[in-house]
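Single-letter residue listing:
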Amino acid sequence: MRNRKGKSGQTALEYILVFVALLGVLAAAMHFARAAGKSAEKTTTLVTCEYP
């Protein structure tokens with residue numbers, strides 16, 4: 001019985017680690033998406049500006 005409780009704690013810890021890693025991946029993806037959007041906006045502004 002004691003061994004089973006240790007494995008249950010290990011499983012919970014693994015789920016927590018996977019959840020934290022997933023949050024990190026999502027945060028990185030949001031950061032890169034925001035950077036890509038800003039870059040696209042800047043490129044659009046440069047392309048559509050009129051030269052005198």
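Residues numbered from 1 in each chain as written. Predicted model: local features only at pLDDT ≥ 70, side-chain atom pairs only at ≥ 80, totals over all residues. Heavy atoms only, no water.

*Asks:* How should the overall build of the protein chain be read in this particular structure?
*Replies:* The secondary structure content of the protein chain amounts to one helix and zero strands. Residues counted as buried form 0% of the 52 residues belonging to the protein chain. (Helix = DSSP H or I, 4+ residues; strand = E, 2+ residues; numbered from the N terminus. Buried < 20%, exposed > 50% of the residue type's maximum accessible area, 1.4 Å probe, protein only.)

*Asks:* How should I be thinking about a nonpolar patch on the surface in this particular structure?
*Replies:* On the surface, Ile16, Phe19, Val20, Leu22, Leu23 and Leu26 cluster together into a nonpolar patch covering about 590 Å² of accessible area. As for its placement among the helices and strands, Leu26 is situated in helix α1 (residues 2–48). On the basis of relative accessible area, Leu26 is assigned to the partly exposed category, the value being 46%. (Patch = residues over 30% accessible without salt bridge, like charges linked within 9 Å, V, L, I, M, F, W, Y side chains within 5 Å. Areas by Shrake-Rupley, 256 points an atom, 1.4 Å probe, with all protein chains shown as cover. Salt bridge = Lys/Arg side-chain N within 4 Å of Asp/Glu carboxyl O.)

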